[in-house]
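Residue-level structural notes
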Amino acid sequence: MELFNYPIDTKTLRRKKAKIKRELLEQPNLIEKRVAVLGGSTTNDVVDMLELFLLHHGIKASFYQSEYGQYWQDAMFGSPELDGFNPDVIYIHTTWRNIESFPQISDSKEAVVEKLDGEYNRLCTMWDKLEEKFHCPIIQNNFERPNYRLMGNRDVWDYRGRSNFIMQLNNRIYEYAQSHESFYVNDIDYLAADFGISEWNDAKYWNMYKCINMDAIPYVAQSVANIIKSLYGRNKKVLCLDLDNTLWGGIVGDDGVEGIKIGPEVPVGQVYAEFQSYCKSLKDIGAVLAVDSKNDEENAIAGLNHPDGILRPEDFVSIKANWEPKDRNLQQMADELTLGADSFVFADDNPAEREIVSAQIPGVGVPAMDGVENYIKILDHSGYFEVTNISAEDMEKTKMYHAKAEASKAKSAFADYGEYLDSLEMKAEVTGFEPIILQRVAQLTNKSNQFNLTTLRCSEEDIKAMEDSANYICLAGRLIDKFADNGIVTVVAGEILTKDQLHAGGAIGTKKLSEELIDKLEISSSDKCLLVDLWLMSCRVLKRGMEDFMMNVLVKKAKEAGVTHIIGRYLPTPKNSMVKDFYDGYGFTLVEEYADGNRTYKLAVADYVEKDTHIR
Amino acid sequence: MIKEEILVKINEIFQDAFDNEELEVTAATTANDVEGWDSLMQMNLIEMVEDEFGFQFTMDEASSLKNVGDMVDVVASHV
């Protein structure tokens, strides 16, 4: 559910709590756990939120809550309810408000150490007691910075400062954690800083309700839930990454390896490099990386071998670079690695791709990767790979899965793609080359390499000449879906020529057909042919049916202009092999194919069967 | 925003908070009239009103609420 993604949708979680809980309870395969929350403040809302976050991870928890502020008494002296509850996990929710004796300015150094010992001993006797009694994991908050700094900056380093005292106490807690298994620190010191310490400590909340700022509570709950789900094997295992505009800036298939943004040359390239570096570090804590990208495999590999890139092809356990739907690739990958698809995180800058993956494969983590400058923050705050235990094996996981992937071959079934397309609520607007879009159209003819039938590069003047010519049919298609207006994404243009005019050559572009070719077209002198000069589309909207929509429009316009035949050509380049068979899909017949792959097709307009599309 | 409109939105908040689509509150409704409206629910209600109308209750405002009508008045003074 998107609500749980960073940044957490606190408002909806609070308002629709009951409804969300009902929905989450309907998930299959929930595991049940008993969680005791021992609080130094009001914990009802912590428990409410923790319940939702755990359900989000597939854990159905029942809770014990101590009476207000009774965390220590409950732990030390027990209560029949707690003893009978027999917890699987104990979470001790305390804050700096629960520190009983802070240093005074008049205190000697020894007096402060004594206070520190007192505070620490009170805590560690409690942990020991709980361990002895319940033999279960204990999660303990560290302490966050308090509501004021009496001495200002000095408060943090002087032994009499409350800030300094809290740091010392935290260090003792960390030492305990290092020497005790099944003891885990919930780092609210970080959470409070990240949330904003002044807001976190808003006095209204403590004095009215005895709790921290209620807007911060979902973040605390998320953090605790991350520890618990990690303990029960519900961590994500695979980070499945898109390439273009996710691991580097730009489209490698269009811009070429030399054109993508990665590395120190430009600020954007630096951000992508930093993100690649972060992903690489995730391998050290046992996460496994994979690629799920709409690209030719060759281009994908070339991009990953960019000299300024950090990640290399061998860092990935699987690289799926093809034109299949991404959910299908991901499912196939999961099968090959013999992992549940719900152990995957799918990181892609394109909201439409995220939508199909999260709709088709429930349980996949799908963070809202918006803005490259936010990628690390989003993944890091989500806690997909929360580390509770770290082993030598973790670092070897990529190798292990490499072996698994090689060993298995699997096929995955695919649900109804049409339904997905309908869900995008796509709408297309097709216009001529109007003055306001001339620049964009010319730019597209110079930028698009992959989905480009003729790779005819045009200046603005060329485009304007086409539009101004009475013999040209010019179409620019804009595609709007529920996520965004993708802008002008496809350009089609052709010139209407008689047989005689074909012999003479058209007005614009270099497209004079050879005499033999014109003969092979087998057209009569009364025929009117539409010779398609330009047909290109941005790969962003691939597999949306936009090309079908454009063909429908083109044929309709051609009919209206009295055209009898459409002549389509495919002129091969090193980058446009994906559209090699484009015209075959529309009932065109191949008239000629030269040794270099140059193809010419013909369609009798009267024979065209209109394509069904999912675009209005 | 007029008070009638505010009350309509507050009523929706109550329905969500108490998970009861049939719940109808009026300006005169107090905590005694709605089952489950305790001090913990009160703090959640205030948060939800803040979320809905985009302002923060001062402590004085939050601690002097006696009925739904008071809540409407506070909202009306902020928006």
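Residues numbered from 1 in each chain as written. Chains lettered and ligands numbered in written order. Predicted model: local features only at pLDDT ≥ 70, side-chain atom pairs only at ≥ 80, totals over all residues.

Brief notes about the overall build of chain A
Within chain A, the secondary structure is distributed over 25 helices and 16 strands. For 616 residues, the compact-globule formula gives about 25 Å, and the C-alpha radius of gyration of chain A, at 32 Å, lies well above that figure. When burial is assessed residue by residue, chain A has 42% of its 616 residues classed as buried. Looking at chain A alone, contacts between residues at least 24 apart form 74% of all its contacts between residues at least 6 apart. (Helix = DSSP H or I, 4+ residues; strand = E, 2+ residues; numbered from the N terminus. Rg over C-alpha atoms; globule rule 2.2 N^0.38 Å. Buried ≥ 20, exposed ≤ 12 C-beta atoms within 10 Å, placed from the backbone. Contact = placed C-beta atoms within 7 Å.)

Observations concerning the environment of Asn299(A)
Residue and element names in this part refer to chain A. Structurally, Asn-299 is set in helix α14 (residues 297-304). Given 23 C-beta atoms within a 10 Å radius, Asn-299 is considered buried. Residues Asn-299 and Met-550, spaced 251 residues apart in sequence, show a C-alpha to C-alpha distance of 27 Å. Excluding anything up to four places from it in sequence, Asn-299 contacts Val-252 and Gly-253.

A word on the packing of helix α1 (residues 3-17) of chain B against helix α2 (residues 39-53) of chain B
All names here are of chain B. At a minimum axis distance of 10 Å, the contact between α1 and α2 shows a crossing angle of 135 degrees. What the angle tells us is that α1 and α2 run oblique. Once α1 is placed against α2, the crossing between them reads as right-handed. Mapping the contact onto sequence places Lys-9, Ile-10, Ile-13 and Ala-17 in α1 and Met-41, Asn-44, Leu-45, Met-48, Val-49 and Glu-52 in α2. Tallied by class, the residues present in the contact of α1 with α2 amount to seven nonpolar, one polar and two charged. (Axes fitted to C-alpha atoms, helices over the stretch in contact; angles between N-to-C directions. Parallel < 35°, antiparallel > 145°, perpendicular 65-115°, else oblique. Left-handed = near helix turned anticlockwise from the far one by under 90°. Nonpolar A, V, L, I, M, F, W, Y, C, P; charged D, E, K, R; others polar.)

Quick look at the packing of helix α21 (residues 438-447) of chain A against helix α22 (residues 460-468) of chain A
Residue and element names in this part refer to chain A. Between α21 and α22, the shortest axis-to-axis distance is 8 Å and the interhelical angle comes to 115 degrees. Of the possible angle classes, the one that applies to α21 and α22 is roughly perpendicular. In terms of crossing hand, the pair formed by α21 and α22 is right-handed. On α22, the residues that touch Leu-438, Gln-439, Val-441 and Ala-442 of α21 are Glu-460, Ile-463 and Lys-464. Its residues placed into classes, the contact of α21 with α22 shows four nonpolar, one polar and two charged.

Description of the domain arrangement of chain A
Reports often express the size of an interface as the amount of accessible area lost when the parts come together. Residues and elements named next belong to chain A. Partitioning chain A into structural domains gives domain 1 (2-231), domain 2 (238-415) and domain 3 (425-607). One C-alpha centre belongs to domain 2, the other to domain 3; they are set 35 Å apart. Taken residue by residue, the interface counts eight residues in domain 2 and eleven residues in domain 3. Of all the elements in the fold, those that place two or more residues in the side of domain 2 that touches domain 3 are α12 (252-255) and α16 (351-360). A class-by-class count of the residues in the side of domain 2 that touches domain 3 yields five nonpolar, one polar and two charged. (Domains from an automatic or database assignment.)

Concerning helix α17 (residues 375-382) of chain A
All names here are of chain A. Of all the residues in α17, the buried ones are Tyr-375, Leu-379 and Ser-382. Taken around the axis of α17, the buried residues stretch over an arc of 70 degrees, which confines them to a single face. Of the surrounding elements, those touching the buried residues of α17 are α13 (267-284) and β9 (344-347). Looking one or two residues beyond α17, the residue adopting positive phi is Gly-383, at roughly 65 degrees. (Arc of directions from axis to C-beta.)

Describing the nonpolar core
Residues Cys240(A), Ala290(A) and Leu330(A) are the most contacted members of the largest nonpolar core, which totals 101 residues. Among the elements that take part in this core, strand β13 (residues 528-537) of chain A stands out by supplying eight residues, more than any other. There are two domains that each give this core at least three residues, and those are domain 2 (238-415) and domain 3 (425-607) of chain A. Counting residues in each nonpolar core, the second largest holds 67 residues, with Leu13(A), Ile6(B), Phe14(B) and Val68(B) among its members. (Core = buried A, V, L, I, M, F, W, Y, C linked by C-beta atoms within 7 Å.)

Comments concerning helix α15 (residues 326-336) of chain A
Residue and element names in this part refer to chain A. Counted residue by residue, α15 has ten buried out of eleven residues, so it is predominantly covered. Those residues of α15 lying buried are Lys-326, Asp-327, Arg-328, Asn-329, Leu-330, Gln-331, Gln-332, Met-333, Ala-334 and Glu-336. Directly beyond the C-terminal end of α15, a positive phi value near 45 degrees is found at Thr-338.

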